[in-house]
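These are the residues of each chain, in order.
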Amino acid sequence: MAGGFLLEARRGTRSASLLIREADWSSSPLDVSVAADGVEVRSGGSGGAAALPAGLRLAPASCRALSRLPGGGLHLRLRLRRLRPPPDLVFTLRESLKPQKNYVFYCQSCGDIILKDRKFLRVLPLPSENWSALVEEWCCHPNPFARSTLHPQHDDCFLGDTFFLLNSHNESHVPESPLCSSEAAHHASQSGFDLKSKENARVICKRCKTMLGETVSSGTIKYYVTEVIIQPSEGSLSTTPRSQFVQSTVAQCLVELSSTKSTFRFTIKGDDGKIYILIWLLNSDTLLVESSGRSSFDSVFTLFGDTFMASSGPVGTWNAVKVLYQPCIKSRNKDLADAWENDIGVHSLKFPSETCLELLLILGLSTTSLPPSVRCMNSFQVAFLKM
């Protein structure tokens, strides 16, 4: 299909934005035909049609706001006649981990087994990061939990927004010396262990040397959800490309937190305490449909690169979230980052610093895959994260 197209459909508003990729339009006129079940693009006697996926139907008569931007393709908006409801895409740890079941924990990067046949008697969510301050506001007497700890026992698993805490006794990969990081101390209700070297607190995969988590105390270890795959013991490991796993995991975290805590702005922090990215969740009900076409711009416009070209054929379909973001590495956007840091409406998400850089690269590649006319919104950059 000459030029190809990118369709961004919204389930909530039942609307869609259609972008026809700009091929060589200077030599011959472009003929675009929009039907309920597909899009056809022809130029100079060549071209073709691309069918939409089942469950998605357009209302051709609703086409409006037709515009052509140099280097940005042909844009138009239209209504959806039908759009199939999405599957339940938000896969949280709370749903995947159940008591009284055996699980195997794998390193996501190399597939090496971290924990084998681990069974939990209790799987409990941790309180929100500001729970201690809330207790002080609501109690008329001194905080009764000030000296309490939230360390998991041997058969416990405590779940946070981006990590889970396990008892680390008898685990061979955990450092023997008692260590505690500043944020982990907060979630552990400020235990009395002395802070040690941050580097020594890192828990590393034996095979690939990837950081999996960090030691919280002498008996507690924190694993990050972006670094570990959890599978039932009776199942087998299903591998996912690293970039796809990271963007899917982060996207699901954003969607879950936006629905449970009504927050849409996030700071992405590394384990070194630095802010790497500011993210503003714009849409979480997006369905992307992309036709690769036969344009010289394919390498630029293909939204998910080799994943699309290798597995999806001529037309690819993905559930995705649309985000606005600002990079904060090398002191970029420092004033805005400081303002967000002090804003109670902004939620902080912590990942390993290497993963923060991976996420920033994924967002950057998504932005550059879009035409220049839709890469920015106000002062933020636009990107999609595949679910």
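Here's a quick rundown of the structure.

Looking now at the pattern of salt bridges. One pass over the structure, following the stated rule, counts 13 salt bridges. Among the ionic pairs, R207 bridges to D112, the shortest N-O distance being 3.6 Å. Linking R207 in the loop between β13 (202-204) and β14 (211-217) with D112 in the loop between β8 (102-107) and β9 (113-119), this pair joins segments that are 95 residues apart in sequence. Accessibility expressed as a relative area gives 54% for R207, which makes it exposed.

Summed over all chains, the structure comprises six aromatic pairs. Here the aromatic rings of F105 and F164 are separated by 5.7 Å at their centres, their planes lie at 45°, and the arrangement is tilted. Here the residue F105 occupies a position in strand β8, and F164 occupies one in strand β12 (residues 163-167), the gap between them amounting to 59 residues. Of the two residues, F105 and F164, neither departs from the other in class, the shared state being buried. Here W280 and W340 contribute two aromatic rings whose centre-to-centre distance is 6.0 Å and whose plane-to-plane angle is 70°, an arrangement assigned as edge-to-face. With W280 in strand β18 (residues 275-291) and W340 in helix α8 (residues 334-341), this pair connects stretches of sequence that are 60 residues apart. Judged by relative accessible area, which is 34%, W280 ranks as partly exposed. For W340, a relative accessible area of 4% translates into the label buried. Here the aromatic cluster, defined as three or more aromatic residues joined through ring pairs, consists of F105, F120, F164 and Y223.

Reading across from one edge, β9-β8-β16 is the order of the three strands in this open sheet, with antiparallel pairing throughout. Bordering the open sheet on either side are β9 and β16 (228-232), each of which pairs with just one other strand. Pairwise comparison of adjacent strand axes, ignoring direction, gives a mean angle of 20° for this sheet. Direction of pairing for β8 relative to β9: antiparallel, over a ladder of four bridges. Looking across to β9, one finds that Y106 is bridged to I113.

Attention now goes to the nonpolar core. F105 and F164 are the most contacted members of the largest nonpolar core, which has 45 residues in total. By residue number, the principal contributor to this core is helix α5 (residues 242-261), which donates six residues. In contact with F105, not counting residues within four places along its chain, are D112, I113, I114, L115, R118, F120, F164, L166, V228, I229 and I230. Judged by nonpolar contacts, the second largest core, of 21 residues, contains I20, V34, L83 and V289.

Cut-off values and rules
Residue positions are given per chain, counted from 1 along the sequence in the order it is written. Only residues with pLDDT of at least 70 get local features here, since the model is predicted, and only at 80 or more are side-chain atom pairs given and counted; chain-wide, interface and lining totals rely on the full set of residues. The basis for every side-chain value is the complete set of heavy atoms in the structure, and neither hydrogens nor water enter the calculation. Whenever Lys or Arg places a side-chain nitrogen within 4 Å of a carboxyl oxygen from Asp or Glu, that contact is recorded as a salt bridge. The secondary structure listing takes helices from DSSP runs of H or I that are at least 4 residues long and strands from runs of E that are at least 2 residues long, numbered from the N terminus. Relative accessibility thresholds used throughout: buried, under 20% of the residue-type maximum; exposed, over 50%; partly exposed, between the two (1.4 Å probe, protein chains only). Each Phe, Tyr or Trp ring (for Trp, its six-membered ring) is paired with any other whose centre lies within 6.5 Å, and the angle between the two planes then decides the class: stacked below 30 degrees, edge-to-face above 60, tilted in between. Paired strands are those between which DSSP finds at least two bridges. Between the N-to-C directions of two axes lies an angle of 0 to 180 degrees, each axis being a line fitted to C-alpha atoms and, for a helix, fitted only over the stretch in contact. We call a set of buried Ala, Val, Leu, Ile, Met, Phe, Trp, Tyr and Cys residues a nonpolar core when their side-chain atoms join them within 4.5 Å. Residue contacts are counted whenever heavy atoms from the two residues lie within 4.5 Å of one another.

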